[in-house]
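Here's the letter readout for the chains.
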2 protein chains.
Amino acid sequence: MLQNIRVVLVNTSHPGNIGGAARAMKNMGLSRLVLVDPEEFPSPKALARASGANDLLDNAQVVSTLEEALVGCSLVLGTSARDRRIPWPLLDPRECASKSLEQVALGGEVALVFGREYAGLTNEELQRCQFHVHIPSDPEFGSLNLAAAVQVLTYEVRMAWLAAQGAPTKMEKVEATAILDTRPVTMDELERYFEHLEQTLVEIGFLDPQKPRHLMARLRRLYGRSGISKLEMNILRGILTETQKVARGEPHKRRPDDV
Amino acid sequence: MLQNIRVVLVNTSHPGNIGGAARAMKNMGLSRLVLVDPEEFPSPKALARASGANDLLDNAQVVSTLEEALVGCSLVLGTSARDRRIPWPLLDPRECASKSLEQVALGGEVALVFGREYAGLTNEELQRCQFHVHIPSDPEFGSLNLAAAVQVLTYEVRMAWLAAQGAPTKMEKVEATAILDTRPVTMDELERYFEHLEQTLVEIGFLDPQKPRHLMARLRRLYGRSGISKLEMNILRGILTETQKVARGEPHKRRPDDV
């Protein structure tokens, strides 16, 4: 799906921004870059900023008009920083992403169009876009770097794409040794821990069973919200056991190296 | 609230990235930049990439350890690109933003910590962070430019901040002349349009009242979903009126310049 979303950069001045945009795209899984009348391309500065996204630069399509860049697209979204005299349907980056994904799901192709570094897109160019997209920057300092703007929009596209696949937006690859560490404790395990904790606190003289006040409630609240894993629980229980041994004057030795 | 969220860059190699990060922060309304042991700072390269965010660079705090950078913080979030042997609570950028905003709403201060360009944060540094944040990049090409990563996280912070204020994430400033253009037509105006349209289509011989098929339904569906404004409706009605004049052989002249 992502290959049907192209990024179109119009009349870019600085080749470094083309490289930065290519890197951002590739980071987010996009591959199709179209350059309308770039001032300097190809360029070693673009390669340097692309930082390995050379294939996107090699395959970039260079055309002389926006019209050529949009051939085959069924949805065109243009970034805009300014108020316009003719108001246009306006999206924020998240809405832009969901609209783009809807469109490719229908079999369409989408263009995300970015204007010049200093002047953006002309009114004529903006009128070729069905929707305008505005990144909600601080009105006092509103103009993003071109590659940064590409990064924000392609990031939102990737988030929407991952969501559409039901894929996690977080790395969920966990090594085998880590499984025990992420499996959460069950409520009964937690309950046994609180019993063990209370008993231990009494044994060390920290908790007076005649005047318990709110101590256990506070500890329950703390551990309850911490989302403790089984491995962590083993550690906590181990600490209590050792503490009890100390309190009881039992011989104890340092646990080997199992935590 | 946003002034209580600081960006911490650890041991940055390229001063250009410090400038790019400052610009991204200022675009998103953040102001507090802390640099831990930067390789080259201050630097004209940082100023060039900051593109006007000079105040952030001037006020940047330069310290020699991560510990100093985190003084006063109640929540520390560290960006991480790699799987770690010890799994850590992991957030995506959106979750990172909502957690940060929650924290500042409680009166806390938050640090977003970014590592070195090539090596990221060390394990020891990551263990000083309560949460790790991963930008869900393509696993085949996962490493974002430092300033791009700052852009994504601060963008999400701004989106969450705007949402928390009930503020629009889109520019809603509309000029007076534009009001007519955005005010939607009412259902009865739309109904009168469909009547006018149908009558006109009959008059020009496009619609056979004896065999109407689904033509009007299809046109209703089209205009119905288009969210037509009052100004646009005036234009559409004007077109029909002129079309009828032609169909009726009435004298007609070009409308002045009112659309």
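Since the model is a prediction, treat every value here as computed from it, not as a measurement.

1. Topic: unusual backbone geometry
All names here are of chain A.
In step 1: Put simply, phenylalanine 41 and proline 42 share a cis peptide bond, and its omega is -5°.
In step 2: By the secondary structure assignment, proline 42 is in the loop between β2 (32-36) and α2 (44-50).
In step 3: Residue serine 51 is not a glycine yet carries a positive backbone phi of 50°.
In step 4: Assignment of secondary structure puts serine 51 in the loop between α2 and α3 (54-58).

2. A few points about the environment of Ala46(B)
Residues and elements named next belong to chain B.
In step 1: Positionally, alanine 46 belongs in helix α2 (residues 44-50).
In step 2: Residue alanine 46 is classed as buried on the basis of its relative accessible area of 0%.
In step 3: Excluding its chain neighbours within four sequence positions, the residues that come into contact with alanine 46 are Pro15, Gly16, Gly19, Phe41 and Leu57.

3. Some thoughts on the packing of aromatic side chains
In step 1: What the rule picks out here adds up to three aromatic pairs over all chains.
In step 2: With centroids separated by 5.8 Å and ring planes inclined at 50°, the aromatic side chains of Tyr193(A) and Phe194(A) adopt a geometry described as tilted.
In step 3: Relative accessible area serves as the criterion here: at 4%, Phe194(A) is assigned to the buried category.
In step 4: A cation over a ring is seen here: Lys26(A) above Phe141(B), with NZ or CZ 5.0 Å from the ring centre.

4. Digging into the sheet that holds strand β6 (residues 110-114) of chain A
Residues and elements named next belong to chain A.
In step 1: Strand order in this open sheet of seven strands is β3-β2-β1-β6-β4-β7-β5, and the pairing throughout is parallel. Strands at the two margins of the open sheet, each flanked by one partner only, are β3 (61-63) and β5 (90-91).
In step 2: Examined bridge by bridge, strand β1 (residues 5-10) and β6 share five bridges and lie parallel to one another. Pairing of arginine 6 across the sheet is with alanine 111, part of β6.

5. Considering the packing of helix α1 (residues 15-27) of chain A against helix α7 (residues 146-164) of chain A
Each pair of packed helices can be summarised by the angle the axes make with each other and by the distance between the axes.
All names here are of chain A.
In step 1: Two numbers describe how α1 lies on α7: the axes approach to 8 Å, and their chain directions differ by 15°. Relative to α7, the element α1 is oriented roughly parallel. Classified by chirality, the crossing of α7 by α1 is right-handed. In this structure, α1 uses Asn17, Gly20, Ala21, Ala24, Met25 and Asn27 to contact α7, whose residues at the interface are Leu146, Ala147, Val150, Gln151, Thr154 and Arg158.

6. What about the environment of Thr241(A)?
In step 1: With respect to the helices and strands, the residue Thr241(A) is situated in helix α11 (residues 230-247).
In step 2: The spatial distance from the C-alpha of Thr241(A) to the C-alpha of Thr200(A) is 8.1 Å, given a sequence separation of 41 residues.

7. Digging into helix α5 (residues 93-105) of chain A
Residue and element names in this part refer to chain A.
In step 1: With 13 residues, α5 extends 18 Å from end C-alpha to end C-alpha; this agrees with the ideal 18 Å at 1.5 Å per step.
In step 2: Buried within α5 we find Pro93, Cys96, Ala97, Ser100, Leu101, Gln103 and Val104. Along α5, the residues classed as buried sweep out an arc of 160° about the axis, all on the same side.
In step 3: Once α5 ends, the next one or two residues include glycine 107, with phi positive near 95°.

8. Section: helix α7 (residues 146-164) of chain B
All names here are of chain B.
In step 1: Relative to the 27 Å expected for 19 residues at 1.5 Å per residue, α7 spans 27 Å between its end C-alpha atoms, a close match to the ideal helical length.
In step 2: Along α7, 16 of the 19 residues are buried, which leaves the element largely enclosed by surrounding structure.
In step 3: The residue sitting at the N-terminus of α7 and contributing the capping side-chain oxygen is asparagine 145; that oxygen lies 2.9 Å from the backbone nitrogen of alanine 147.
In step 4: In the segment just after α7, glycine 166 is the residue with positive phi, at about 65°.

9. Concerning the nonpolar core
In step 1: Formed by 90 residues in total, the largest nonpolar core has its most connected members in Leu9(A), Leu33(A), Leu9(B) and Leu33(B).
In step 2: If you tally residues by element for this core, the top one is α7(A), at 12 residues.
In step 3: Once residues lying within four places of it in the same chain are set aside, the contact partners of Leu33(B) are Val7(B), Leu9(B), Ile18(B), Ala22(B), Met25(B), Leu56(B), Leu57(B), Ala60(B) and Gln61(B).

10. With respect to the pairing of strand β4 (residues 75-79) of chain A
Residue and element names in this part refer to chain A.
In step 1: For β4, the buried fraction is high: five of the five residues fall into the buried class.
In step 2: The two faces of β4 match: Leu75, Leu77 and Thr79 on one face and Val76 and Gly78 on the other face are all buried.
In step 3: Sheet analysis places β4 next to β6, joined by four bridges and oriented parallel. Along β6, the bridge assignment pairs glycine 78 with valine 113.
In step 4: Across three bridges, β4 lies against strand β7 (residues 131-133) in parallel orientation. Bridge pairing links glycine 78 to histidine 132 in β7.

The rules behind the values
- Residues numbered from 1 in each chain as written.
- Chains lettered and ligands numbered in written order.
- Predicted model: local features only at pLDDT ≥ 70, side-chain atom pairs only at ≥ 80, totals over all residues.
- Heavy atoms only, no water.
- Helix = DSSP H or I, 4+ residues; strand = E, 2+ residues; numbered from the N terminus.
- Buried < 20%, exposed > 50% of the residue type's maximum accessible area, 1.4 Å probe, protein only.
- Contact = heavy atoms within 4.5 Å.
- Phe/Tyr/Trp six-rings, centres within 6.5 Å; stacked < 30°, edge-to-face > 60°.
- Lys NZ or Arg CZ within 6 Å of the ring centre and 35° of its normal.
- Pairing = 2+ DSSP bridges.
- Axes fitted to C-alpha atoms, helices over the stretch in contact; angles between N-to-C directions.
- Parallel < 35°, antiparallel > 145°, perpendicular 65-115°, else oblique.
- Left-handed = near helix turned anticlockwise from the far one by under 90°.
- Expected span 1.5 Å × (residues − 1).
- Arc of directions from axis to C-beta.
- Polar contact = N/O pair within 3.5 Å; in protein donor to acceptor, adjacent residues only side chain to side chain.
- Core = buried A, V, L, I, M, F, W, Y, C linked by side-chain atoms within 4.5 Å.

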